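Examination of the molecular architecture
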Amino acid sequence: MAVAARKIDSEYVYAGSPAMRVYTHRVAKPEEASEVQQQAQAETAARPVHSYSLLQKLLTTCAILATAAAILLVMLRYADIAAQYALVNDYRTTIEENQRTLVELEVRLNSAVSLEEAREAALAAGLGYPAASQIVSIEGTGAGISPQ
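Here the residue numbering is sequential within each chain, running from 1 through the sequence in written order. This being a predicted model, a pLDDT of at least 70 is required before a residue's local features are given, and a value of 80 or more before pairs of side-chain atoms are given or counted; all residues contribute to the totals for chains, interfaces and linings. To get the side-chain values, take all heavy atoms of the structure and skip hydrogens and water.

**Looking at the overall build of the protein**
Counting its regular elements, the protein contains three helices and two strands. If you list the helices and strands of the protein from N to C, you get β-β-α-α-α. Only protein chains enter the accessibility calculation, which uses a 1.4 Å probe; a residue whose area is less than 20% of its type maximum is buried, one above 50% is exposed, and one in between is partly exposed. In the protein, which comprises 148 residues, the share counted as buried stands at 2%. It only takes one pair of heavy atoms within 4.5 Å for two residues to be counted as in contact. The long-range fraction of contacts in the protein, counting pairs at least 24 apart against all pairs at least 6 apart in sequence, stands at 3%. A total of about 13,800 Å² of accessible surface is found on the protein, and carbon and sulfur atoms cover 61% of it. Numbering of helices and strands starts at the N terminus; helices are DSSP runs of H or I of at least 4 residues and strands are runs of E of at least 2. Methods summary: accessible areas were calculated by the Shrake-Rupley approach with a probe of 1.4 Å, and residue burial reflects only the protein chains presented.

Now the structure itself:
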């Protein structure tokens with residue numbers, strides 16, 4: 001910090017802000033000490049103190065709350081969108097499973113033998129309905145027809 005020095009009557013006096021000490025070769029007089037203190041107090045009082053009015057404080061608080069509310073709404077919307085994506089993915093999984101099941105059932109249907117084809121194959125092999133003499137009853141089960 002630069003300090004200005006000048007010579008007054010063969011004495012050096014260093015001048016700076018009133019808060020700085022004044023260095024001299026002489027003993028300070030009581031009046032000078034009180035003057036320095038008064039100058040320091042005057043400069044301190046002259047400095048503008050940043051005080052905000054009630055309206056400025058209220059507007060600042062409202063702006064902060066509005067910003068926080070906007071951020072909260074954006075976060076809630078993103079959470080809702082993420083939940084909807086999860087639901088869509090669940091539906092896609094269900095649709096894919098149903099499509100696989102349909103393809104499997106179509107394969108079974110295409111490879112299944114029709115009833116007419118089964119009858120024709122049975123007649124060609126000489127199979128027919130059993131006669132009454134071919135039915136055998138098993139004792140103890142009560143099933144079947146007893147021979148007469």
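**Overview of the pattern of salt bridges**
What counts as a salt bridge is simple: a side-chain nitrogen of Lys or Arg found within 4 Å of a carboxyl oxygen of Asp or Glu. By the definition in use, this model includes three salt bridges. Ionic pairing is found between Arg 77 and Asp 80, a salt bridge with its closest N-O pair at 3.0 Å. Of the two residues, Arg 77 and Asp 80 are both situated in helix H2 (residues 54–111); the distance of three residues between them amounts to about one turn of the helix. For Arg 77, a relative accessible area of 48% puts it in the partly exposed group. Residue classification places Asp 80 among the partly exposed positions, given a relative accessible area of 34%.

**A word on the confidence of the model for the protein**
Here the protein averages 78 in pLDDT, and 66% of its residues register 70 or above. Each residue carries a pLDDT score, the predictor's confidence in it, ranging from 0 to 100. Of all secondary-structure elements in the protein, the lowest mean pLDDT belongs to strand E1 (residues 4–8), at 51, while H2 reaches the highest, 95.

**Overview of a nonpolar patch on the surface**
What makes a patch is a set of residues exposed beyond 30% relative accessible area and free of salt bridges, joined within 9 Å when like-charged and within 5 Å when nonpolar (Val, Leu, Ile, Met, Phe, Trp, Tyr). Together, Val 74, Tyr 78, Ile 81 and Tyr 85 give the surface a local cluster of nonpolar side chains, amounting to about 440 Å² of exposed area. On the secondary structure map, Val 74 appears in helix H2. Given a relative accessible area of 44%, Val 74 falls into the partly exposed group.

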